[in-house]
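Here is how the chains run, residue by residue.
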Amino acid sequence: MPLYTDTFFTCYVLILSFILGTVFGSFINCMASRIVAGENWLKGRSHCDACGHVLKAVDLIPVVSYLIQHGKCRYCGKKMSSRYMWTEVCMGLAFVGVVLNYGALNFHVLRDWALICILLGLSLVDLETYEIPDGFIIAGLVIWAVTIPLMKLDGVDIGSYVKTGLLGGVGIAGGMLVISLIMDKILKKESLGGGDVKLLFMVCLYLGLAQGLLCLILACMIGLCFVLLLKKGKIAFGPSISLAVYLVLIIGPEVVSWYFGLF
Ligand SMILES: [Zn+2]
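Q: So what's going on with the coordination of the zinc ion? Residues and values would help.
A: Bound to the zinc ion on the protein side are Cys48 (SG), Cys51 (SG), Cys73 (SG) and Cys76 (SG), at distances that span 2.3 Å. Mapped onto the sequence, the residues coordinating the zinc ion show the spacing C-x2-C-x21-C-x2-C.

Q: Any chance you could break down the nonpolar core for me, citing the residues and the numbers?
A: Judged by nonpolar contacts, the single largest core of 55 residues is most densely connected at Ile116, Leu199, Met202, Val203, Ile241 and Val245. Residue assignment for this core shows that the elements contributing at least two residues are helix 1 (7–36), helix 3 (83–102), helix 4 (107–129), helix 5 (134–146), helix 6 (148–153), helix 7 (158–187), helix 8 (194–230) and helix 9 (238–261). The biggest single contributor to this core is helix 8, with 15 residues. Here Val203 is in contact with Leu119, Ile241 and Val245, once residues within four sequence places are set aside.

Q: Which residues make up the state of the cysteines, and what values do they have?
A: Scanning the entire structure with this criterion turns up zero disulfides. A disulfide-free cysteine, Cys225 has its sulfur positioned 11 Å from the sulfur of Cys220, the nearest such atom.

Q: Now, about the packing of helix 3 against helix 9: what can you tell me, with residues and values included?
A: Between two packed helices, both the angle of their axes relative to each other and the distance between the axes serve to describe the pair. Where helix 3 contacts helix 9, the axes come no closer than 9 Å and their chain directions differ by 25°. Classified by the interaxial angle, the pair formed by helix 3 and helix 9 is roughly parallel. For the pair helix 3 and helix 9, the crossing hand works out as left-handed. Judged by residue contacts, Leu93, Ala94, Gly97, Val98 and Asn101 of helix 3 engage Tyr246, Leu249 and Ile250 from helix 9.

Q: I'd love a proper account of the packing of aromatic side chains, names of residues and values included.
A: Following the criterion strictly, the structure yields six aromatic pairs and no others. Centroid distance Tyr259 to Phe263: 5.3 Å. Interplanar angle 75°. Geometry classified as edge-to-face. With relative accessibility at 42%, the residue Tyr259 sits in the partly exposed group. With relative accessibility at 71%, the residue Phe263 sits in the exposed group. The ring of Tyr84 has Arg83 sitting right over it, with the charged end atom 5.3 Å from the ring centre. The ring of Tyr130 carries Lys234 above its face, with NZ or CZ at 4.4 Å from the centroid.

Q: Please set out helix 9 residue by residue, giving values where relevant.
A: Its axis deflected by about 70° at Ile251, helix 9 carries its strongest bend there, up to four residues before the proline Pro253. For helix 9, the set of buried residues is Gly238, Pro239, Ser240, Ile241, Ser242, Ala244, Val245, Tyr246, Val248, Leu249, Gly252 and Val256. Where helix 9 is buried, its residues touch helix 3, helix 4 and helix 8.

Analysis parameters
Residues numbered from 1 in each chain as written. Predicted model: local features only at pLDDT ≥ 70, side-chain atom pairs only at ≥ 80, totals over all residues. Heavy atoms only, no water. Donors = N, O, S within 2.8 Å, 3.2 Å for Na, K, Ca; no water. Core = buried A, V, L, I, M, F, W, Y, C linked by side-chain atoms within 4.5 Å. Buried < 20%, exposed > 50% of the residue type's maximum accessible area, 1.4 Å probe, protein only. Helix = DSSP H or I, 4+ residues; strand = E, 2+ residues; numbered from the N terminus. Contact = heavy atoms within 4.5 Å. Disulfide = S-S within 2.5 Å. Axes fitted to C-alpha atoms, helices over the stretch in contact; angles between N-to-C directions. Parallel < 35°, antiparallel > 145°, perpendicular 65-115°, else oblique. Left-handed = near helix turned anticlockwise from the far one by under 90°. Phe/Tyr/Trp six-rings, centres within 6.5 Å; stacked < 30°, edge-to-face > 60°. Lys NZ or Arg CZ within 6 Å of the ring centre and 35° of its normal. Bend = angle between axes of the 7 residues up to and from the residue.

Here is the structure:
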C-alpha cells in the first residue's frame, strides 16, 4: 500500500495517476458517444451536442472545464450532462486504485490501466446499444498478447502466466458458451449475448481460471443488483462484467488465496 519511502514522490505518482485516469476517461467517453452515434471515432472535433459549437482545448480539460463552466456550455449556456465529469472522476480514482494495489508503478499497472480503459469504452457503448463492438475485444486481446514479455520485467514466469491466462479464457468462456446454448434451448430466447462470451474470454486471459471464476460470480451478483434496482427485464451485462473485473484486479488475489487456504 505505501508506495515509496519518499512521501513527495508517492503524492506525485498518485496525482499523476489520477490526472491520467481523468484524461483517458474523457477521451473514452467521447469515443464511446461517437461510436453510439455511428460517427467516426477517430476523426472530427469535439462539439457541443446542443449548439454544435466546436470546443476549444480550454473546454476539454477533464473535470476542471465542467466545474469552471458550472456544467453549462460556454457558447449556448445549455446544461451539459454530468455523466462526463463523473466518468472522468471515477476513472481517475480507478487508476489510483490500480497503482495502490501493486504498490508501485510497474508493467502490471500499465496493463491494467489499458484494460480498464477498454472496459469503460465497451461498457458505455453496451449501456446504450446492448452490443459490445468486436473492436474492444480485439484491443483487449492485442494488449494481453503484446504485454506478455513485459510481465517478465515484473518478475513473472511467462510460461505459467500464458498457461493460466489461456486456461481461464477457454475454461470460463467455453463453460459459459455451453451453459448459454443450453439455456437458449430451454428458454427459447437468447440468454447470454455473444458479445458477453467474447468479453469473458478476453478478461479471463488477464485473470486466469480462479480469479476468472470469482469475476463471473461477482458479475452475476452485480447484474442481479442492476436488474433489481433498474427494474428492467433486459440489462446490458458488459458493465457488470467490467465492474467485476475491476474488483477482482484489486481484491482477487487475496480472496482466491483466502478461499484455497480454507482447504
Ligand atoms: Zn452549446
